[in-house]
Amino acid sequence: MSTEDRPPAPRSLAEALRARGDAALAALLRSRPDLITPVPTDLTQLATRAGTRASVVRALERLDRFALQTAEALAVAGDPATYDELLGLTAGDDADPAVVAALPHALDVLREQALVWGGDDRLRLVRTARELLAPAPQHPSPTGLGPTVQEATAGMSPGRIQEIVTTAGLASTHDSVSAVSALTGLFTDRARMTALLADAPADSLEVLERLVWGPPYGQVTADPAARLRWLLDRGLLLPTAPGTVVLPREVALHLRRGPAHRTPEPVPPVVEAAAVHRPQVVDSTAAGQAYTALATVEELLKDWDEGGPAVLRAGGLSVRDLKRTAVALDAPEPVAAFWVELAYAAGLIASDGEADERYAATPAYDEWLEAPAAERWSRLATAWLAATRTAGLVGGRDAKDRTLSALGPGLDRSAAPEVRHRVLALLAGLPEGAAPAAESVLARLRWERPLRGDRREDDLRGRLAEWALSEAELLGVTGRGALSGHGRALLGPAAAAKRAEAEPSGSAGPPTGPGDKLPVHHHHHRPAPVAPLSPAEQSVASAAAARLLAPQLPEPLDHVLLQADLTAVAPGPLRRPLADMLGVLADVESKGGATVYRFTPGSVRRALDAGQAASDLHAFLTAHSRTPVPQPLAYLIDDVARRHGHLRVGAASAYVRCDDDTVLGEILADKRAAGLGLRRLAPTVLAAQADPAGLLEGLRAMGFAPAAESAEGDVLITRALAHRTPPRTAPEPVPDGPPVPDDVLLAAALRAIRAGDLASTTPRKPGTTPAADGELPRTGSAETLATMQAAVLTGEALWIGYVNAEGTASQRVIAPIRVEGGFVTAYDHTADEVRTYPLHRITGVAELADDAG
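Everything numeric here is computed off the predicted structure, so don't read it as measured data. The written sequence of each chain sets the order in which its residues are numbered from 1. Confidence filtering applies because this is a predicted model: local features only for residues at pLDDT of at least 70, side-chain atom pairs given and counted only at 80 or more, and all residues used for totals across whole chains, interfaces and linings. In computing side-chain properties, one takes all heavy atoms of the structure into account and sets aside hydrogens as well as water.

A closer look at the overall build of the protein
Item 1. By definition, any uninterrupted DSSP run of H or I lasting at least four residues is a helix, any uninterrupted run of E lasting at least two residues is a strand, and each is numbered from the N terminus. Check the secondary structure of the protein and you find 35 helices and 25 strands.
Item 2. Relative accessible area decides the class of each residue, using a 1.4 Å probe on protein chains only: under 20% of the type maximum gives buried, over 50% gives exposed, and in between gives partly exposed. Residues counted as buried form 47% of the 853 residues belonging to the protein.
Item 3. Every residue pair with non-hydrogen atoms within 4.5 Å of one another is taken to be in contact. In the protein, the proportion of contacts linking residues at least 24 apart, taken out of those at least 6 apart, comes to 67%.
Item 4. Surface accessibility follows the Shrake-Rupley procedure with a 1.4 Å probe radius. Residue values consider only the protein chains on display as shielding. Accessible surface for the protein amounts to roughly 40,400 Å². Of this, 54% is attributable to carbon and sulfur atoms.

Details of the packing of aromatic side chains
Two descriptors summarise a pair of aromatic rings, namely the distance from one centre to the other and the angle between the planes of the rings.
Item 1. We call Phe, Tyr and Trp rings a pair once their centres come within 6.5 Å, taking the six-membered ring for Trp, and we label the pair stacked below 30 degrees between planes, edge-to-face above 60, and tilted otherwise. Counted according to the given criterion, the structure contains four aromatic pairs.
Item 2. Stacked on the ring of W368, the Lys or Arg R376 has its end atom at 5.3 Å from the ring centre. Charges are assigned to positions over rings by a cutoff of 6 Å between ring centre and Lys NZ or Arg CZ, combined with an angular limit of 35 degrees from the ring normal.

A few points about the environment of P40
Item 1. Within the secondary structure, P40 sits in the loop between α2 (22–31) and α3 (43–50).
Item 2. Look at P40 and you get buried, because its relative accessible area is 2%.
Item 3. For P40 and R754, which are 714 residues apart along the polypeptide, the C-alpha to C-alpha distance reads 9.9 Å.
Item 4. Excluding its chain neighbours within four sequence positions, the residues that come into contact with P40 are L35, Q45, L46, R49 and I753.

Section: unusual backbone geometry
Item 1. Cis geometry is adopted by the peptide bond preceding P80, which originates at D79 and carries an omega value of 5°.
Item 2. Its location among the elements puts P80 in the loop between α5 (65–75) and α6 (83–91).
Item 3. You will see that D330, though not glycine, has its phi angle at about 55°, which is positive.
Item 4. With respect to the helices, strands and loops of the structure, D330 is situated in the loop between α17 (319–329) and α18 (333–345).
Item 5. On the basis of relative accessibility, which here comes to 71%, the residue D330 falls in the exposed class.

Quick word on the nonpolar core
Item 1. Of all hydrophobic cores here, the largest spans 90 residues; its most connected members are L17, F187, L236 and L237.
Item 2. The dominant element in this core, judged by the number of residues it contributes, is α5, at seven residues.
Item 3. Once residues lying within four places of it in the same chain are set aside, the contact partners of F187 are V149, M193, L196, R234, G235, L236, E250, V251 and H254.
Item 4. Take the buried residues of types Ala, Val, Leu, Ile, Met, Phe, Trp, Tyr and Cys, join any two whose side-chain atoms come within 4.5 Å, and each joined set is a nonpolar core. Judged by nonpolar contacts, the second largest core, of 77 residues, contains A374, L385, A391 and A415.

Regarding the environment of V276
Item 1. Here V276 lies in strand β6 (residues 273–276).
Item 2. Note on V276: relative accessible area 15%, which makes it buried.
Item 3. In the structure, V276 is positioned 159 residues away from A435 in sequence and 6.0 Å away in space, judged by C-alpha atoms.

A word on the environment of G243
Item 1. The topology assignment puts G243 in the loop between β4 (238–241) and β5 (244–246).
Item 2. Owing to a relative accessible area of 26%, G243 belongs among the partly exposed residues under this scheme.
Item 3. As for G243 and P224, which are separated by 19 residues in sequence, their C-alpha atoms are 9.6 Å apart.
Item 4. Excluding residues that lie within four positions of it along the chain, G243 makes contacts with G218, Q219 and V220.

Notes on the sheet that holds β5
Item 1. Read from one edge of the open sheet, three strands run β3-β5-β4, paired in antiparallel fashion. Two strands close off the open sheet at either side, each with one partner strand: β3 (217–219) and β4. Taking the axes of each pair of neighbouring strands and ignoring which way they run, one obtains an average angle of 40° across the sheet.
Item 2. Judged from the three bridges that link them, β4 and β5 form a sheet pairing that is antiparallel. Directly across from L238, in β5, lies its bridge partner V246. When DSSP finds two or more bridges between a pair of strands, those strands are recorded as paired. Angular values range over 0 to 180 degrees, each being the angle between N-to-C directions of two axes fitted as lines to C-alpha atoms, with helices fitted over their stretch in contact.

Some details on the sheet that holds strand β21 (residues 798–803)
Item 1. The five strands lie next to each other as β24-β23-β22-β21-β25, forming an open sheet whose pairing is antiparallel. Each end of this open sheet is capped by a strand with a single partner; those strands are β24 (833–838) and β25 (842–847). Averaged over all adjacent pairs, the angle separating strand axes in this sheet is 45°, with direction ignored.
Item 2. The pairing of strand β23 (residues 823–828) with β24 spans six bridges and is antiparallel. Residue pairing in the sheet places A826 in a bridge with R835 of β24.

Describing the pattern of salt bridges
Close approach of charged atoms lets side chains of opposite charge pair.
Item 1. Salt bridge, as used here: a side-chain nitrogen of Lys or Arg that lies within 4 Å of a carboxyl oxygen of Asp or Glu. Applying the stated criterion across every chain yields a total of 33 salt bridges.
Item 2. The salt bridge partner of D233 is R229, with a shortest N-O separation of 3.5 Å. Of this pair, D233 and R229 both sit in helix α14 (residues 226–233), four residues apart, which is roughly one turn of that helix.
Item 3. R724 is paired through a salt bridge with D366; the nearest N and O atoms lie 2.8 Å apart. Of the two residues, R724 sits in the loop between β20 (707–708) and α34 (743–761) while D366 sits in helix α19 (residues 363–370), which places them 358 residues apart along the sequence.
Item 4. With relative accessibility at 22%, the residue R724 sits in the partly exposed group.
Item 5. Using a relative accessible area of 31% as the deciding quantity, one classes D366 as partly exposed.

Comments concerning the pairing of strand β22 (residues 809–820)
Item 1. The pairing of β21 with β22 spans six bridges and is classified as antiparallel. Across the sheet, residue V803 finds its bridge partner in β22, namely A809.
Item 2. Where β21 folds back onto β22 in an antiparallel hairpin, the turn is made up of five residues, including G807, whose phi is positive at roughly 90°.
Item 3. Strand direction decides the pairing type here: β22 and β23, joined by six bridges, are antiparallel. Within the sheet, the bridge partner assigned to P816 lies in β23 and is A826.
Item 4. Linkage of β22 to β23, two consecutive antiparallel strands, is achieved through a turn of two residues, within which G821 is found at a positive phi near 60°.

Observations regarding the confidence of the model for the protein
Item 1. As a per-residue measure, pLDDT reflects the predictor's confidence and takes values from 0 up to 100. Per-residue pLDDT for the protein averages 84, and the proportion of residues at 70 or more is 88%.
Item 2. Below pLDDT 50 for its whole length, residues 496–530 participates in 61 contacts with residues either more than four positions away or in separate chains.
Item 3. The low-confidence segment residues 769–773 (pLDDT under 50) makes four contacts with residues lying over four places distant or belonging to another chain.

Focus on the packing of helix α16 (residues 279–303) against α17
Item 1. Their axes nearest at 10 Å, the elements α16 and α17 cross at an angle of 125°. One element, α16, and the other, α17, form an angle in the oblique class. By crossing handedness, the relation of α16 to α17 is classed as right-handed. The residues of α17 that touch α16, namely those facing T296, E299, L300 and D303, are T325, A328 and L329.
Item 2. Amino acid classes used here: Ala, Val, Leu, Ile, Met, Phe, Trp, Tyr, Cys and Pro are nonpolar; Asp, Glu, Lys and Arg are charged; the rest, including Gly, are polar. Here the residues of the contact of α16 with α17 are counted per class, giving three nonpolar, two polar and two charged. Orientation categories follow fixed angle ranges, with anything under 35 degrees roughly parallel, anything over 145 roughly antiparallel, 65 to 115 roughly perpendicular, and all other angles oblique. Helix crossings are classified by the rotation of the near helix relative to the far one: an anticlockwise turn of less than a right angle makes the crossing left-handed, while a clockwise turn makes it right-handed.

A look at the side chain of H261
Item 1. Structurally, the position occupied by H261 is in the loop between α15 (249–256) and β6.
Item 2. H261 sits in the buried class, given a relative accessible area of 7%.
Item 3. A distance of 2.7 Å separates a polar atom in the side chain of H261 from a polar atom in the side chain of E72.
Item 4. Contact partners of H261, with chain neighbours within four places excluded, come to Q69, E72, A73, L89, P142, T143, W213 and R256. For this analysis, a polar contact is any N or O atom pair within 3.5 Å, provided that within protein one partner can donate a hydrogen and the other can accept it, and provided that sequence-adjacent residues contribute only side-chain to side-chain pairs.

Notes on the packing of α18 against helix α24 (residues 460–475)
Item 1. One can describe the packing of α18 onto α24 by two numbers: an axis separation of 12 Å at closest approach and a directional angle of 75°. When the interaxial angle is binned, α18 and α24 end up roughly perpendicular. For the pair formed by α18 and α24, the contact residues are V335, F338, W339 and L342 on the first element and E471, L474 and L475 on the second.
Item 2. Residues of the contact of α18 with α24, tallied by class, amount to six nonpolar, no polar and one charged.

Rendered as C-alpha cells:
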C-alpha cells in the first residue's frame, strides 16, 4: 500500500475505536463489560470511559503475565513508541525467539482491550495505564527501572548538568535541554556506552551491577566514595533527593542489553501430570466419593432435621456448633464447613426466620431427597461451581479482625467461580486419567492473572485454586486428583475442545506410569480459557454429567444382615424407607464400605416412642434381613416394649405415677434421683420439681423406660417432626463486576453507540448553530418547523437533538418524509428505520454538509 493510500493514523483512542469493525468493538465490550454499563452515547464517550482509572485497573487485572509485561515495557518506552522499540524492550539485544513469536499476540490483546492504540509506528499506551505502570519512587515498577535522564535531571542546576556532560566526554552546550538530550544520546548508544564503561573502575561497575535489575535507588553520604564519585560525575548515577541516587533508565537498559524485564515470560507454564491412572479407576473413585458426598449432606440435614443450630446475632454458626457438626459428620472442621456451605449454596438449608432463629432444612431438601442420586449430585456440583461463598475462609479474619464463621457474612469472593472453572478446564486439558501437580496448576494461574495472583489479598487466587482442587475431590468431580468423565461433562462441550487443544496431532503419547511427566507442548500464547456456561447451557451440561455418573453409583439395597451381637450390617447403600426406619431403630456404629448399626435399649425405645409396636418391629426386621432375626435382638425388643409406658410422666411441675408402689419406692431410694426433687404424693404417685422432659431423661438415665402422658392420661407418642423453613431461594452469587453481555445486548449496544457517533460526528453546514461536544443542536420552534418542511421538499438529511418521554437526550440524523399534526415522520439513519417524532421533543435542527456521509 502506498503512503497516499494508507489511512491516516488515529489521533486519539476515540478515532482508533471509530476505525474498528463491529466484531472488534463487540470483542472489546465482551472483554470489558463495564464499558457498556450504561451504554455510552457515542464512541468518544466509550473511549473516555475506557481510560478511567477503575476500568483500566480492571482491564490490567485480566491480562496474562506476558501481556502485562508488554504493557509495562510500553510504559517505560517513548510515547509514542515503535514496534521495534517495544521488541527491544521485551526481547532484548539477543532477540529471544519465544518473545519475538509471542509479542504480536500480546500486542493484539492490548489493542483489543483498548489499552494500546495506534499503528506499529506510533504505539500509545492509554494515559491512565501508563501512569499506573510507569516506574515511580512511590510505586516501583516490576521492571526494576528508574526514571529517564530527562526526568531525573528535572530539578538539577544548569551548571551541574554542564559539568556532567563535559566529564562524560561530550561537548558543552548552551542550554540544559540540549545537554540532557546529548547525555541521553550517549547512554542509548551501545558503542559509545561500551567505550565509556571500559574506563570505569571495577568497584564502580560493581555498584551498577547491584542496581541494574532494581530497585534502582541507592544511598550516598555527603562525601561519596571515589567509586560513587566516578559514576556521579558522568551522570551514570543521578541524585534524586538528599542522600539518594538513582540509576537512569537508559543506563540500566544498556547494562541489561535491552530488556525491561529480567525474566520475560512469553509462554505459559505447562500444567504437568504428577500421576496417570486408568480412566475407569478415576471414574469409579470419583463416583464412590460422589456417593459419599450425598450421604454426608443427607447426614448433615438429618442431624438438623428437627431444627439445627441457632443463628448468631451477626449471622452464621458459632464455633461450638461447627465443632458439633464436625463430630456428627466425623470430619475435620474445615471439611464440615465445606459441607454446610455446599448445602446452603444448593438451597437445602437456610435460617427459619423465627424469633429464636435457627438453621433448618428447606422444603427444597425434601424435593432433593426424592430425586435420583445422580441428579442430586449434579445439583450439588452445579451449586458448587457457581457459588461465590468460599468455605476455605471459615475461621479466618475479615478486614475488621472479626472471625469469619460458616454461613456467616463476609465469605463471598467473586473470583471463586471463575477460578473453579479455570482449574477444572486445566485438568480437562490433560489426557484422561492424568492428575496434575498442584504447584504447576498454581503457577499457570499466576501466569494467567498475575495482578490478581501475586499482589492482592495475599494470593487469594492461589488459595481459591488449592481449595478448588481439594473440594473437587471431596465432591467426586475428580478421582485420585484426575478429572472424571462426569466432571468433564459438567464443564460442557467446550471441555472436549480444550482436551483436543492440549494434545495436538503428532504429539507424544501419554506417559504410562505414576509420576511420569507429560510431554511439553509449547504455545506462543495461551489458548482462550473455557468460558463459563450460561444457565441454560449449564443445565444441559449438568444433566449430561448426571447421565454419566448414574451407572457408576451403587444400587441401593433393600436388606441388611442381622448378627447375634445386636448389630446389623448394611453391605451397601440402603433404600430410603429402610435407611430411615433403621436410623430410628438402631444407632450407627461405624461407616465405610459397609455400615454397622447397633441395637440398644435406647434405640429400641426411640422406635417405640415414634409410634411403632413391638410386633411392627419384629415384622420389619424379618422382612428386611437376609439372616434370621437373632434371639437376643428379639428378646431386647420384647423386654423394652414390656417396660415401655410402665411409668408415666406428666406436669405437676411433673409427676410420676405407677401401679406398682415398690417401683416408686425403688426410685426414691436411688441416689441418682436426688436432683429430680421427688416426693411421694400417694402410694402410686411421686411429684417432682423437674419439668416433664427433664424427668423423662433422668428416669431413663436410671435405667427405667417411662412414657409421657397427656392431661387426659393417654400415652403421648413422640414422633420426630421434621422442622422446615418457609420456602427459601439459594443465595445468589456475588458477581465479579458487570456480567458479560449476551449477543442480543451487544448488538443493541453497538447499534446505539454507532447511532450516537454518527449523529455527533456528521459534518454540519457552515453557519448553523454550533454545538459543543455532546450538546444537542438548539433552534426555535418556528425555525425547526421551517427547516423540516424544506427538507421534505429537497430530500436532504438533517441533524436533530431529541429528548424522549423518559428525559433521555440523543442526537440523530434523519431524512424527513412528512410533517403534519405536530409530528415529523422521517427515515432515521441512526436507527436505520422510519420513525415518527413529536416536534415539541426536538430541541433543534441543523443542516448537514453536502459531503456528509
